[in-house]
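Structural description and commentary
The residues making up each chain are set out below.
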Amino acid sequence: MSDEKKSEKKHEDSKESAFKAVLSDVYLFRDSLTAINELVNEAIFKIKADGIYLTATDPTMVALVDYKFLSSAFESYVVHEAEDIGLNIENLLAVLKRAKSEEKVTLDFAKGANKLLVTINGASTRKFTIPVLDIEKGEVPEMSLEFTATVEVKTNVLIDGIEDASIVTDTVILGANANEFTMRAEGDLSKVEIILEKGSPDLIGIEAKTSVASKFSLEYLKKIVKGAKIADTAKIQLGNDYPLKVTFRAVDNLQISYVLAPRVED
Amino acid sequence: MSDEKKSEKKHEDSKESAFKAVLSDVYLFRDSLTAINELVNEAIFKIKADGIYLTATDPTMVALVDYKFLSSAFESYVVHEAEDIGLNIENLLAVLKRAKSEEKVTLDFAKGANKLLVTINGASTRKFTIPVLDIEKGEVPEMSLEFTATVEVKTNVLIDGIEDASIVTDTVILGANANEFTMRAEGDLSKVEIILEKGSPDLIGIEAKTSVASKFSLEYLKKIVKGAKIADTAKIQLGNDYPLKVTFRAVDNLQISYVLAPRVED
Amino acid sequence: MSDEKKSEKKHEDSKESAFKAVLSDVYLFRDSLTAINELVNEAIFKIKADGIYLTATDPTMVALVDYKFLSSAFESYVVHEAEDIGLNIENLLAVLKRAKSEEKVTLDFAKGANKLLVTINGASTRKFTIPVLDIEKGEVPEMSLEFTATVEVKTNVLIDGIEDASIVTDTVILGANANEFTMRAEGDLSKVEIILEKGSPDLIGIEAKTSVASKFSLEYLKKIVKGAKIADTAKIQLGNDYPLKVTFRAVDNLQISYVLAPRVED
């Protein structure tokens with residue numbers, strides 16, 4: 001190492017830590033970010049005392065992701081100063097994918113630094129630095145949504161229903177009433193209808209003030225349903241020609257919610 | 001559901017059933033149709049009292065498929081009226097592929113209807129409608145073939161031999177005499193020869209009045225050999241510069257036969 | 001078979017054997033040639049009394065492969081006359097890939113013949129002939145290299161390090177001193193550093209007269225590291241801005257060495 005590099009390194013090390021956290025298992029963090037990455041490329045990670053938060057819309061503003069990865073999911077988690085770190089999620093994932101199951105992953109961020117340090121500790125020590133991006137804030141719309149129906153289903157109902165509907169067309173009508181949750185799609189010639197009735201083991205719960213139905217893009221739903229990787233059940237909130245909210249929750253320390261705008265009939 | 005849709009549904013349900021059949025295991029039906037689909041895109045399914053029949057040529061008329069899926073393969077099978085149902089096989093397969101191993105699949109066809117109803121019953125009920133096509137009949141040539149040699153082999157002999165030959169060229173000469181079944185291919189520089197002699201555990205039986213050999217397109221043989229998925233052995237019937245007949249049979253309720261025209265030397 | 005062909009066959013069989021060898025397990029031969037094939041398309045196989053030797057450079061002359069597959073790796077190995085056989089490695093691999101695990105593979109070469117005969121014996125007998133190529137000799141540069149450092153690592157260190165570095169750029173600096181082996185890569189914004197210290201279970205041995213470092217193309221290293229398939233450890237020999245030598249050795253009968261020219265800084 002040249003002298004110039006050595007002094008540079010010393011300088012880096014002497015910076016005060018703003019945030020340092022260790023994951024003993026990288027999978028949950030990686031899988032949840034992989035899901036988000038379907039919709040969002042770059043985002044601000046808000047490092048707070050109780051966890052990492054992220055809220056972002058997809059580039060077309062049709063879908064919104066709300067992400068919480070709580071401190072309890074880490075082996076250790078120390079925040080000296082709350083920070084907003086703008087990152088390219090694909091860059092971060094490329095590094096996280098390099099960790100094997102038995103390896104610890106440390107996230108390290110110095111106060112006001114322009115890069116995130118990720119260290120993978122196994123038989124060797126592997127240090128990756130990821131550049132911090134200057135991402136404009138405040139583009140995320142505030143939403144106060146009131147839903148008419150709430151359904152909780154096994155995630156495979158959503159995954160299968162979306163695949164079923166994709167056979168015939170590119171949109172699906174999600175519907176709910178007090179007794180059943182339905183997914184309907186109709187192509188030029190073919191048609192598909194999925195009915196999940198109260199009493200089915202795959203329908204955990206259903207509540208609907210009135211019968212509701214809204215149409216959504218299958219392209220977006222396919223991306224949203226990637227969040228199912230972290231959970232066995234999904235909470236679906238619906239209205240009439242109204243946005244959809246889908247929430248996946250892993251134990252108590254990770255939650256991904258999506259809000260998707262409806263496709264309103266011409 | 002709108003009132004209009006409700007009345008439409010009632011109307012549909014009131015139609016008299018021509019054919020209704022339930023598969024407790026979709027795999028055999030699906031795998032056999034997947035094999036056929038290699039050669040045939042659209043075909044008339046003849047629904048008869050004892051099973052479903054299909055005979056069709058590939059678009060170039062080089063190969064003919066003859067398919068029987070007998071009623072005993074179904075959990076229940078009721079025909080009120082024999083029907084010819086024209087279907088796009090890929091459409092049907094797209095639906096059949098949506099069924100999981102523990103799910104029942106019901107085929108339902110109303111008298112004179114313009115669609116086939118396929119219902120998948122698991123934790124949810126999933127109904128698919130597939131349009132019936134107007135396919136011209138009578139294009140299938142009648143053939144009365146007399147073969148000089150009949151060979152029965154383990155299917156892997158055919159599969160491997162076709163792959164072996166593909167290394168060097170795009171045709172293969174299938175040959176048989178009283179003692180051996182052979183597959184030979186010769187490229188510009190390379191050559192391959194597969195010899196299966198009487199006594200080999202992979203040669204179940206061989207009968208040949210004289211020594212015969214015919215050349216066939218490997219492209220077509222690769223499609224035909226997909227039928228091996230339903231059976232462990234294949235019956236091969238040959239002549240001299242004569243068509244080939246290959247028959248795959250699963251237990252007693254499913255049979256796929258192929259006839260392939262030879263490549264006659266210039 | 002025509003009379004003409006029969007007499008041709010007799011003629012072939014009557015040729016005196018120069019070389020005949022039987023592999024009871026094709027995997028090691030196949031895997032090692034697959035590794036070499038990453039860099040070399042056509043090469044002269046030198047058939048000697050104690051084994052098969054091959055030395056060749058890649059088409060750009062940046063990397064050199066040195067290969068020894070000793071006679072003890074064969075079930076039987078008989079050389080009547082040392083021969084140089086020019087082969088297209090992909091052609092040979094296409095045939096070797098057709099052998100299954102329980103099948104014996106025989107290599108057969110007649111004196112002065114223009115083809116190699118490969119026979120696969122299982123339930124059937126499958127004979128492949130591969131054309132011998134006229135490859136110019138003497139293009140392989142003689143090299144007498146003196147290395148400053150020698151490192152032995154578990155192969156996964158190399159494989160992972162190369163993948164890690166590929167995230168950020170297309171070259172990597174391999175370094176060694178008396179205490180550690182390092183791999184460093186730096187992109188426009190991102191950076192990665194892998195440190196393997198003395199005492200790590202993945203570092204089998206390290207010897208370095210001085211601290212050394214050289215930069216190499218990741219594209220070539222990715223091809224070289226395919227040789228890891230035959231071995232659990234790799235011997236790495238390094239200098240300062242000097243070529244790299246990597247050696248993979250399987251038991252006592254197979255060795256692949258690579259020499260790779262460094263990327264010298266502008």
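Residues numbered from 1 in each chain as written. Chains lettered and ligands numbered in written order. Predicted model: local features only at pLDDT ≥ 70, side-chain atom pairs only at ≥ 80, totals over all residues. Heavy atoms only, no water.

Things to note about the overall build of chain A
Of regular secondary structure, chain A possesses 5 helices and 18 strands. The C-alpha extent of chain A, read off along each of the three principal axes, is 70 × 35 × 35 Å. Relative to its 266 residues, chain A shows a buried fraction of 49%. Contacts in chain A between residues at least 24 apart in sequence constitute 67% of all its contacts with a sequence separation of at least 6. Summed over its atoms, the accessible surface of chain A is roughly 12,700 Å², and 45% of this surface lies on carbon and sulfur atoms. (Helix = DSSP H or I, 4+ residues; strand = E, 2+ residues; numbered from the N terminus. Buried < 20%, exposed > 50% of the residue type's maximum accessible area, 1.4 Å probe, protein only. Contact = heavy atoms within 4.5 Å. Areas by Shrake-Rupley, 256 points an atom, 1.4 Å probe, with all protein chains shown as cover.)

Thoughts on the pattern of salt bridges
All chains considered together, the criterion is met by 39 salt bridges over all chains. Here Asp84(B) makes a salt bridge to Lys46(B), at a shortest N to O gap of 3.2 Å. One end of the pair, Asp84(B), is in strand 6 (residues 83-88); the other, Lys46(B), is in strand 2 (residues 42-48), with 38 residues separating them in the sequence. Glu193(C) is the partner of Arg184(C) in a salt bridge, and the nearest nitrogen-oxygen pair spans 2.8 Å. Judged by relative accessible area, Glu193(C) falls into the buried class, the value being 14%. Salt bridges linked by common partners bring Arg98(A), Lys100(A), Glu103(A), Arg126(A), Asp160(C) and Asp164(C) together as one network. (Salt bridge = Lys/Arg side-chain N within 4 Å of Asp/Glu carboxyl O.)

Some thoughts on helix 3 (residues 89-96) of chain C
Residues and elements named next belong to chain C. Buried within helix 3 are the following residues: Ile89, Leu92, Leu93, Val95 and Leu96. One face of helix 3 carries all of its buried residues, which in axial projection span an arc of 160°. The opening residue of helix 3 is Asn88, an N-cap whose side-chain oxygen sits 2.9 Å from the backbone nitrogen of Glu90. (Arc of directions from axis to C-beta. Polar contact = N/O pair within 3.5 Å; in protein donor to acceptor, adjacent residues only side chain to side chain.)

Observations concerning the relation of the copies chain C and chain B
One copy of the chain maps onto the other through a rotation about an axis plus a displacement along that axis. Of the transformation superimposing chain C on chain B, the axial component is 0.0 Å and the angular component is 120°, with the fit at an RMSD of 0.0 Å. The two molecules are tied by a three-fold rotation axis, judged by turn and shift. (Least-squares fit on C-alpha atoms with pLDDT ≥ 70 in both.)

Thoughts on the domain arrangement of chain A
Residue and element names in this part refer to chain A. As assigned here, chain A comprises domain 1 (18-131) and domain 2 (149-256). Contact residues are listed per partner, giving 19 residues for domain 1 and 13 residues for domain 2. Of the roughly 1,300 Å² buried where domain 1 meets domain 2, counting both sides, 67% is carbon and sulfur surface. A per-residue breakdown of the area domain 1 buries against domain 2 is headed by Leu28, Glu38 and Lys68, which together make up 32% of the total. A salt bridge links Lys229 to Asp31; the nearest nitrogen and oxygen atoms lie 4.0 Å apart. Joining domain 1 to domain 2, the criterion identifies 4 residue pairs in polar contact (both at pLDDT 80 or more). Residue assignment for the side of domain 1 that touches domain 2 shows that the elements contributing at least two residues are helix 2 (27-37) and strand 4 (63-70). Considering every element that reaches the side of domain 1 that touches domain 2, the biggest residue donor is strand 4, with 7 residues. Residue composition of the side of domain 1 that touches domain 2, by class: 11 nonpolar, 3 polar and 5 charged. (Domains from an automatic or database assignment. Buried area = accessible area lost by both parts, 1.4 Å probe. Nonpolar A, V, L, I, M, F, W, Y, C, P; charged D, E, K, R; others polar.)

A word on unusual backbone geometry
All names here are of chain A. At Asp241, a position not held by glycine, the phi torsion is positive, near 45°. Turning to its location among the elements, Asp241 is positioned in the loop between strand 16 (233-238) and strand 17 (244-250). Classification of Asp241 by relative accessible area gives partly exposed; the value is 48%.

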